[in-house]
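Chain and residue survey
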Amino acid sequence: MEKRTPLRTCIGCRKKAPKPSMFRLACMAGGIRVDIRQRLEGRGVYLCRNRACVERGLKAKPLAYALRIPASRQKMVAYEVLEGLKREVKKLIGEEMDIPKKEI
Ligand SMILES: [Zn+2]
């Protein structure tokens, strides 16, 4: 039993991975945010740190389902929003090689 590193399921590939190795997206009152330090409030989803999972996971329906976004707030997962989030996460993945581990 592993106690120190909780596992989370990636919404892209559905595989479990250690939480610190993943990206968290948080559903806040103002919209979905990339939660870099995994400390934001609100319901969250997790993604592996790779572009394929970002592309696969950031789709309106599965994301709305995972974040329990009601039909009345579907614009939180509008196409432009998702494209923006994808860009943001991919930029972070791209920069990650330069960031020392402790900063993540
Ligand atoms: Zn994944």
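The sections below set out a description of the structure shown in this document. Values in this document were obtained by computation on a predicted structure and should not be read as measured data.

Calculation criteria
Residues numbered from 1 in each chain as written. Predicted model: local features only at pLDDT ≥ 70, side-chain atom pairs only at ≥ 80, totals over all residues. Heavy atoms only, no water. Salt bridge = Lys/Arg side-chain N within 4 Å of Asp/Glu carboxyl O. Helix = DSSP H or I, 4+ residues; strand = E, 2+ residues; numbered from the N terminus. Buried < 20%, exposed > 50% of the residue type's maximum accessible area, 1.4 Å probe, protein only. Pairing = 2+ DSSP bridges. Donors = N, O, S within 2.8 Å, 3.2 Å for Na, K, Ca; no water. Tetrahedral: all angles 85-135°; square planar, octahedral: opposite > 155°, others 65-115°.

Some thoughts on the pattern of salt bridges
Counted by the stated rule, this structure contains 4 salt bridges. Where Arg 24 meets Asp 35, a salt bridge forms, and the shortest distance between an N and an O atom there is 2.6 Å. Linking Arg 24 in strand S3 (residues 23–28) with Asp 35 in strand S4 (residues 31–35), this pair joins segments that are 11 residues apart in sequence. Accessibility expressed as a relative area gives 8% for Arg 24, which makes it buried. If you follow the salt bridges from partner to partner, you end up with Glu 55, Glu 83, Lys 86 and Lys 90 in one network.

Considerations on the pairing of S4
Counting buried positions along S4 yields 4 of 5 residues, so the element is predominantly enclosed. Here S3 folds back onto S4, and the loop between the two strands holds 2 residues.

Structural notes on the coordination of the zinc ion
Every protein donor of the zinc ion is accounted for by Cys 10 (SG), Cys 13 (SG), Cys 48 (SG) and Cys 53 (SG), and the metal-donor separations fall at 2.3 Å. Around the zinc ion sit 4 donor atoms, and with donor-metal-donor angles ranging over 102 to 113° the site reads as tetrahedral. The sequence motif formed by the donor residues of the zinc ion is C-x2-C-x34-C-x4-C. Within this pair, whereas Cys 10 is found in the loop between strand S1 (7–9) and strand S2 (16–18), its partner Cys 53 is found in helix H1 (residues 51–57), the two being separated by 43 residues in sequence.

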